[in-house]
Amino acid sequence: MPGMVLFGRRWSLASDDLVFPGSFELFLRVLSWIASLTLYLVHRRKLDCPGGVLLSTYLIVLLVLLAVIICTVLAMVCVSMRGTICNPGPRKSMAKLLYVRLALFLPEMVWASLGAIWVAKGIQCDKTVLIGIMTTVIVSWIVMAATMVTIIFVFDPLGGKMAPHPPGCPEHLDSNNSNQLLTGLKTAAKSVWETRVMFCCCCVGQDDNARVAFSSAADLFSTYFSDTDLVPSDIAAGFTLLHQQQDNINNSLEPQEVITHFPGQSQEADLDAEVENCHHYMPFAAAAYGWPLYIYRNPFTGLCRIGGDCCRSRETEYDAVEEDQHNCHFASILKTTGLQYRDFIHISFHDKVYELPFIVVLDHRKEAVVVAVRGTMSVQDVLTDLSAESENLELDIELQDCVAHKGIAQAARYVYHRLVNDGILSQAFSVAPEYRLVLVGHSLGAGAAALLAIMLRRTYPQVRAYAFSPPRGLLSKSLYEYSKDFIVSLILGMDVIPRLSVTNMEDLKRRILRVIANCNKPKYKILLHGCWYGLFGGSPDNSPTELDESNQRALTQPLLGEQSLLTRCSPGYSPSDSPLDSPTKYPTLYPPGRIIHLEEESGSGRFGCCSAARYRARWAHEAEFGKILIGPKMLTDHLPNILNQALDKVVADRTACVSCPGQGGSHAAVA
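Residues numbered from 1 in each chain as written. Predicted model: local features only at pLDDT ≥ 70, side-chain atom pairs only at ≥ 80, totals over all residues. Heavy atoms only, no water.

If you look the protein up in an unreviewed UniProt entry, it shows as Diacylglycerol lipase-beta from Cricetulus griseus. Of the protein, the UniProt comment under Subcellular location (unreviewed entry) reads exactly: "Cell membrane". (UniProt positions renumbered as here; feature names shortened; annotations may be inferred.)

Got a sec to walk through the overall build of the protein? Specific residues and values, please.
For the protein, the count of helices and strands is 21 helices and 13 strands. Taking all 671 residues of the protein together, the buried fraction comes to 52%. By sequence separation, contacts in the protein at least 24 residues apart represent 77% of the contacts at least 6 residues apart. Only carbon and sulfur atoms are counted for the fraction: they give 60% of the accessible area of the protein, which is about 30,900 Å². (Helix = DSSP H or I, 4+ residues; strand = E, 2+ residues; numbered from the N terminus. Buried < 20%, exposed > 50% of the residue type's maximum accessible area, 1.4 Å probe, protein only. Contact = heavy atoms within 4.5 Å. Areas by Shrake-Rupley, 256 points an atom, 1.4 Å probe, with all protein chains shown as cover.)

Break down the packing of aromatic side chains for me, citing the residues and quoting the values.
One pass over the structure, following the stated rule, counts 13 aromatic pairs. Between tyrosine 281 and phenylalanine 284, the aromatic rings sit 6.0 Å apart at their centres with planes inclined by 45 degrees, giving tilted as the arrangement. Of this pair, tyrosine 281 and phenylalanine 284 both sit in helix α8 (residues 265-287), three residues apart, which is roughly one turn of the helix. Taking the relative accessible area as the measure of exposure, tyrosine 281 reaches 0% and is therefore buried. Site record: aromatic cluster; members linked through ring pairs are Trp193, Phe221, Tyr224 and Phe225. Taking the ring centre of phenylalanine 105 as reference, the NZ or CZ of arginine 101 above it sits at 4.0 Å. Across the ring face of tyrosine 224, the terminal group of lysine 509 is positioned such that the distance to the ring centre comes to 4.7 Å. (Phe/Tyr/Trp six-rings, centres within 6.5 Å; stacked < 30°, edge-to-face > 60°. Lys NZ or Arg CZ within 6 Å of the ring centre and 35° of its normal.)

Tell me about the pairing of strand β10 (residues 464-468), residues and numbers included.
Most of β10 is tucked away, with five of its five residues classed as buried. Residue alternation in β10 divides its side chains into two sets, Arg464, Tyr466 and Phe468 and Ala465 and Ala467, and both sets are buried. Two elements, strand β9 (residues 436-442) and β10, share five bridges in a ladder whose sense is parallel. Its bridge partner being in β10, histidine 442 is matched across the sheet by phenylalanine 468. In this view, the connection linking β9 to its parallel neighbour β10 by way of helix α15 (residues 444-456) has right-handed handedness. By the bridge criterion, four bridges tie β10 to strand β11 (residues 487-492) in an arrangement that is parallel. (Pairing = 2+ DSSP bridges. Right-handed = clockwise from strand over helix to strand, strands pointing away.)

Report on the environment of methionine 494, specifying residues and quantitative values.
Turning to its location among the elements, methionine 494 is positioned in the loop between β11 and α17 (502-517). Overall, methionine 494 belongs to the partly exposed group, its relative accessible area being 23%. Separated by 138 residues in sequence, methionine 494 and proline 632 have C-alpha atoms that sit 8.9 Å apart. Not counting residues up to four positions away in its chain, the partners in contact with methionine 494 are Gln246, Arg499, Leu629, Ile630, Gly631, Met634 and Asp637.

An account of helix α1 (residues 19-43) is needed here, citing residue identities and associated values.
Its 25 residues give α1 an end-to-end C-alpha distance of 35 Å, which sits within 8% of 36 Å, the value for a rise of 1.5 Å per residue. Regarding α1, the residues found buried are Val19, Gly22, Glu25, Leu26, Arg29, Ser32, Ser36, Leu39, Tyr40 and His43. For α1, the secondary structure elements touched by its buried residues are α2 (52-80), α3 (94-120), α4 (127-154) and α18 (523-536). (Expected span 1.5 Å × (residues − 1).)

Can you break down the UniProt feature "transmembrane region" (unreviewed entry) in the protein residue by residue, with the values?
In the UniProt entry, the feature "transmembrane region" (unreviewed entry) is given for residues 20-42, 54-77, 97-119 and 131-155. Overall, residues 54-77 shows 100% helix and 0% strand. The separation of its end C-alpha atoms is 34 Å. Between the first and last C-alpha atoms of residues 97-119 the distance is 33 Å; the span itself is 100% helix and 0% strand.

For the packing of α1 against α2, give the residues involved together with the corresponding values.
Contact geometry of α1 with α2 gives a least axis separation of 9 Å together with a crossing angle of 155 degrees. Relative to α2, the element α1 is oriented roughly antiparallel. Where α1 crosses over α2, the handedness of that crossing is left-handed. Of the residues in the contact of α1 with α2, the class split is 18 nonpolar, six polar and two charged. (Axes fitted to C-alpha atoms, helices over the stretch in contact; angles between N-to-C directions. Parallel < 35°, antiparallel > 145°, perpendicular 65-115°, else oblique. Left-handed = near helix turned anticlockwise from the far one by under 90°. Nonpolar A, V, L, I, M, F, W, Y, C, P; charged D, E, K, R; others polar.)

Residues and numbers for the pattern of salt bridges, please.
Scanning the model with the defined rule gives 30 salt bridges in all. For aspartate 234, the salt bridge is made with lysine 523, and the minimal N-O distance between the two is 2.7 Å. Residue aspartate 234 is located in helix α7 (residues 232-252), and its partner lysine 523 is located in helix α18; the two are separated by 289 residues in the primary sequence. In this structure, aspartate 234 and lysine 523 share a single accessibility class: buried. The partner of arginine 374 in a salt bridge is aspartate 351, and the shortest N-O contact between them spans 2.9 Å. Placement of arginine 374 in the loop between β6 (368-373) and α12 (379-386) and of aspartate 351 in the loop between β4 (344-348) and β5 (358-363) is noted, with a sequence separation of 23 residues between them. Across this residue pair, the class does not change: arginine 374 and aspartate 351 are buried. Each of Asp16, Asp17, Arg91, Asp234 and Lys523 takes part in one network of salt bridges that share partners. (Salt bridge = Lys/Arg side-chain N within 4 Å of Asp/Glu carboxyl O.)

Give a detailed account of the packing of α2 against α4, specifying residues and quantitative values.
In a packed pair of helices, the relevant descriptors are the angle between the two axes and the axis-to-axis distance. Where α2 meets α4, the closest approach of the two axes is 12 Å, and the angle between their N-to-C directions is 40 degrees. Taken together, the axis directions place α2 and α4 in an arrangement best described as oblique. Read as a crossing pair, α2 and α4 show a hand that is left-handed. Residues Leu55, Tyr58, Leu59 and Leu62 of α2 form the contact with α4, whose own contacting residues are Val129, Leu130, Ile133, Thr136 and Val137. Counted by class, the contact of α2 with α4 contains eight nonpolar, one polar and no charged residues.

Could you give an account of a nonpolar patch on the surface, with specific residues and numbers?
Taken together, the side chains of Ile60, Val64 and Val68 make up a nonpolar region of the molecular surface, amounting to roughly 230 Å² of accessible area. The class for valine 68 is partly exposed, based on a relative accessible area of 38%. (Patch = residues over 30% accessible without salt bridge, like charges linked within 9 Å, V, L, I, M, F, W, Y side chains within 5 Å.)

Describe the nonpolar core, listing the residues and the values that go with them.
The biggest cluster of nonpolar side chains holds 45 residues, and the ones touching the most others in it are Val360, Val369, Leu419, Leu437, Leu439, Leu451 and Ile454. Setting aside anything within four residues of it in sequence, one finds valine 360 in contact with Phe344, Ile345, His346, Val369, Val370, Val371, Leu419, Ile424 and Ala428. With 41 residues, the next largest nonpolar core counts Ala287, Leu339, Val438 and Val488 among its residues. (Core = buried A, V, L, I, M, F, W, Y, C linked by side-chain atoms within 4.5 Å.)

This is the structure we're talking about:
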């Protein structure tokens, strides 16, 4: 940080990013030089064959060229080790070294080509010499090809639009010119991100919803990354530092510090009942994923279990199944829920942007009509997730500020229209009129189920919703408070999704900037120690957790690139350009309903399986999920099979200890 400037443009590569790739190239080059020297010294007397002079000349020049390359790469590695992430001064000679290194590719390419041509001419010399020369040629071409791939990856399409006047603020720009420049940069950034999103989602159809989603995702990314000059390795270093800083803070806390309130007996009984309900309805949320999750959970036997039903001709009983051509989804749903085909009212696996698959089933055990909405499992679902602007909900309730996540609200509205307008719910309640309505889902499906419950509550006052690992950035404050009466969310451990929102991402970015600005170690040491700590544990890096006052004031400027400095220093820049300070577009949003948090009591290793861990359930407040936590389980805790295993253990433990009065009560916090 900041990104290097080469050939008049900015690249997504910092001057301290060359330690590891440079060391790897150095290793290859030294091996190649030693092998070439050995080949020449051992076989030089055998080069008196026809054409041997050419081969001898090739080896001598190659040794000299490799020696120059080795010295250059060694210098690059040594220079790249200097300084810190935010102090690139000791690495100011890196640009010149890179120019020299890139220039050396030209003679290397020419010489490798000549070597290949001379060998291909059929020179009658010792075969060992010919094989050795061809090996050096292949190694040279591999290194050059890898360099070209790296150049493509670190190319920044916006690098050519950087400010012509670095670090300082260009005083000659008036407000009008500055506004035009700022607008141009924003438009260019959004255009580049939209192209990237469309390329990554090339399999998605180009309908109106897809185009809107492309634009929303591009706007989110361009806004989020507009005011920093972070390269990918800076973000990786920031994550490792935050992980260790977080563990340092947790290790310093006394157990009493995490206890907030003591629940009463009624609240503990309510917790037991809701945990049991979550345990009962979790298989329905998992079943909505269809056969992919079933095969993932049963990798050795899953295909055999449902294989008999796949590709079987569709019978009349399967008319309620929509877009499941091979019946594999329905077969896995039957296995997951343990129900009969006659219990299912409707199954839809229609999957488009803002249109989620869902199932409607009769649960005779709980006397409920269960609607389970599928979570994220396709590119279309990811685009729905990334449509993170807020959207007003038209609800027949007396609440102010009824806004929600746009993409999830659109998806919930689609399921609502299918359930109501297509008569699916009417059909279900005509079969079981005394049953109540329960909506469930996991991840994206949890958010959609929660919004769907809010939309349907006026028609079905007894509606309940169970949201498993829902996204945090879902509901406005008023809707969050309103939803506590009929929605329960279940969150496992360090799961990142219930902590994920635009506001929390902005906070994470600022924390990354702060921690790397406060670190006085070079990036390669940070990454090495972070990898070791993440894999094997040990002592976290005991660096300070706060900046002093002078560094806090200087934080916004040294961490910004030349382009960002220009926009911040220009008269046209205003703090409202930050997504955090844009309440109409990205307001602070909250998770749905009351929250049950499954906390890990005993570790199972840094990457241990859930079956080796012990968990306790407690009521939690949404503020506890107001910050993204970094850890090895932040992603795995979101997986539905891991959540289901944790639920199994919690229910088993609570059942075993039902005779122990107040079990777990001293640790529970009240929402």
